Amino acid sequence: MTTLLRRFFNGLFNIRREEVAAILVAAGFFFCVLTALMVLRPARDAIGMGRGLDEVRWLFIGTAVVTLGVNPMFGWLVSRFTRLVFITATYAFFALSLVGFYALITVAPAAVGEISGRVFYVWFSVFNLFSTMVFWALMADRFTPEQSKRLYGAIAVGGTLGAIFGPWLASVLVKPLGTAAMMLVSAGFLLAAIGAARVVSWLQPGQSKEHATETAAVNRTVIGGNAWAGMGAVLRSRYLLGISAYVLLMSIMSTFLYFTRLSMVAALGDDIDLRATVFAQLDTITQVTTRFGVSVALILLPLTASLGFVGLAAAGSFAVLVLFQATFSAIQRAVARPARETLFTVVSREDKYKSKAVTDTFVYRGGDVIGAWTEGWLGSLGLALVGLASAVVPLAAAWALLGLWLGRRQGAMLSADGASAPEKGVPRPVASPAG
């Protein structure tokens, strides 16, 4: 029976026997990160809507500014400490912050108001991006380009399961324990993520004794450089700039969908508990549909965005919203995200963390701001979903062409670099992303 199961998974995910342990730990790591996020997201969305959608748009600007300020701090950590230290420090900071929010709510409930709600919204938005960015940066640092193409899809399953489990767990625990307790639950999963990250840092699929020595060397190596190196590298490299442009367009599309969801939920009433419940239900339905719809969802993300908004403009119902969001999330998580993360496997170790941090946090939040205010501007003109659909189609075309160029460029860089060692950056150089 065990042999049959092994053959089944080998055929399904193309996983080799010696890679199984590392894949399971990596998937468990991603499960913990996504569960920690999704346990809190319904409450974040409900709190953010407290004073209307215009307030959320201003919170997006605040988030982008904070993200820009946090990037050099993260770059400093990467420059001064080994990867085990700065990864642990990042997750530990967010876990301790959650404990602090919990203490504020329970010990001094009178201090909790509009300002603290806005702070939590911005904090969560930063937490959301940095936690997933650090995870994928470590994956790019641990697996070769060849392995990433085979294994990232299987690793992403762990995240999908966490995205399903998180809102379900919140819906079960909120009533008996209260919303504040979800912060401790999330902190607990972050601590588990730290443990998994440390195991992944040492495990290397199929490594020889020589590669085991290289792994130990990498874990002890400080990347160096300066705190702003990531920003400079993105501006100098057409490849990294192309990845940033792809992420920017994806963020704009995701924000269009996000505000469409907020608008439809806002029409149900002003009660925060009701909104939080609806958001949790939408997240659960979306994530479950995502997992079972992956095989049907293997089409380009830009095409899905354009068709989805056209469908929403024509129908404008919750059923279409759930279908669109489920399909979009399926492709983004199961197809587009693993493919996008593979792009970072051919750049230097410094760029894997610093440049990736700039792209996945500041550029992403910049797209949020553009998307949020564009959606609001179209709404003020009375165009709403029809206007969004008109804006999405040309953006999706540019987005798809950019994705095609990035894929070809990554292949060319990989060919120029030759067969990569499991730990790039220490034993041998990586092809330059410039050009």
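A brief look at the structure comes next. The shown structure was predicted, so the numbers you read here are calculated from the model rather than taken from an experiment.

A few words on the overall build of the protein chain. In terms of helices and strands, the protein chain carries 15 helices and zero strands. Per-residue burial over the protein chain gives 54% buried out of 435 residues. Within the protein chain, contacts between residues at least 6 apart in sequence are counted, and of these 85% link residues at least 24 apart.

With that settled, consider the nonpolar core. Soluble globular proteins tend to pack their nonpolar side chains together in the buried interior. Counting residues in each nonpolar core, the largest one holds 91 residues, and the members touching the most others are Phe29, Phe74, Tyr91, Phe127, Met139, Tyr353 and Trp399. Counting residues per element, this core draws most heavily on helix H5 (residues 114-142), which supplies 15 residues. Ignoring any residue separated from it by four or fewer positions in sequence, one finds Met139 in contact with Ala26, Phe29, Tyr152, Ile155 and Val200. Phe60, Tyr121, Val122 and Tyr258 belong to the second-largest nonpolar core, a separate cluster that totals nine residues.

A separate point is the packing of helix H4 (residues 83-107) against helix H7 (residues 181-202). Packing of H4 against H7 brings their axes to within 8 Å, and their N-to-C directions diverge by 170°. Classified by the interaxial angle, the pair formed by H4 and H7 is roughly antiparallel. Here the contact of H4 with H7 is built from residues that sort into 20 nonpolar, three polar and two charged.

Counted by the stated rule, this structure contains 25 aromatic pairs. For the ring pair Phe135 and Trp136, a centre distance of 5.0 Å and an interplane angle of 75° mean the geometry is edge-to-face. The exposure class assigned to Phe135 is buried, which follows from its relative accessible area of 0%. A residue is classified by how much of its surface remains accessible, and Trp136, at 0% relative accessible area, is buried. Connected via pairs of aromatic rings, a cluster forms that spans Phe29, Phe30, Tyr91, Phe135, Trp136, Phe143 and Tyr152.

A few words on the pattern of salt bridges. Evaluated as defined, the whole model comprises six salt bridges. A salt bridge links Glu350 to Lys354, with the nearest nitrogen and oxygen atoms 2.8 Å apart. Taken together, the positions of Glu350 and Lys354, both in helix H14 (residues 349-380) and four residues apart, correspond to about one turn of that helix. Residue class for Glu350 comes out partly exposed when judged on its relative accessible area of 24%. Arg365 is the salt-bridge partner of Asp368, the closest N and O atoms lying 2.2 Å from each other.

What follows is about the side chain of Ser355. Counting through the fold element by element, Ser355 comes out in helix H14. Judged by its relative accessible area of 0%, Ser355 is buried. Within the structure, the side chain of Ser355 is placed 3.4 Å from the backbone oxygen of Gly230, a separation counted as a polar contact.

Reading the values: rules and limits
- Positions within a chain are numbered from 1, following the residues in the order the chain's sequence is written.
- Only residues with pLDDT of 70 or above have their local features reported here, since the model is predicted, and side-chain atom pairs are shown and tallied only from 80 upward, although totals for entire chains, interfaces and linings are computed over all residues.
- Side-chain metrics in this entry use all non-hydrogen atoms of the structure; hydrogen atoms and water are not considered.
- Secondary structure is summarised from DSSP: a helix means a run of H or I of at least four residues, a strand means a run of E of at least two, and numbering begins at the N terminus for each.
- Classification of residues uses two cut-offs on accessible area relative to the type maximum, computed with a 1.4 Å probe and protein chains only: under 20% is buried, over 50% is exposed, and between them is partly exposed.
- We call two residues contacting when some pair of their heavy atoms lies within 4.5 Å.
- We define a nonpolar core as any set of buried Ala, Val, Leu, Ile, Met, Phe, Trp, Tyr and Cys residues linked to one another through side-chain atoms lying within 4.5 Å.
- Lines fitted to the C-alpha atoms define the axes, with helices restricted to the stretch that makes contact. Angles between their N-to-C directions range from 0 to 180 degrees.
- The cut-offs work like this: below 35 degrees is roughly parallel, past 145 is roughly antiparallel, 65 to 115 is roughly perpendicular, and the gaps in between are oblique.
- For this classification, Asp, Glu, Lys and Arg are treated as charged, while Ala, Val, Leu, Ile, Met, Phe, Trp, Tyr, Cys and Pro are nonpolar and the rest, including Gly, are polar.
- Any pair of Phe, Tyr and Trp rings, taking the six-membered ring for Trp, is counted once the centres come within 6.5 Å. Such a pair is stacked with planes under 30 degrees apart, edge-to-face with planes over 60 apart, and tilted for the rest.
- Any Lys or Arg side-chain nitrogen located within 4 Å of an Asp or Glu carboxyl oxygen qualifies as a salt bridge.
- Polar contact is the term for a pair of N or O atoms within 3.5 Å; when the atoms are in protein, one must be able to donate a hydrogen and the other to accept it, and sequence-neighboring residues count only if both atoms are side-chain atoms.

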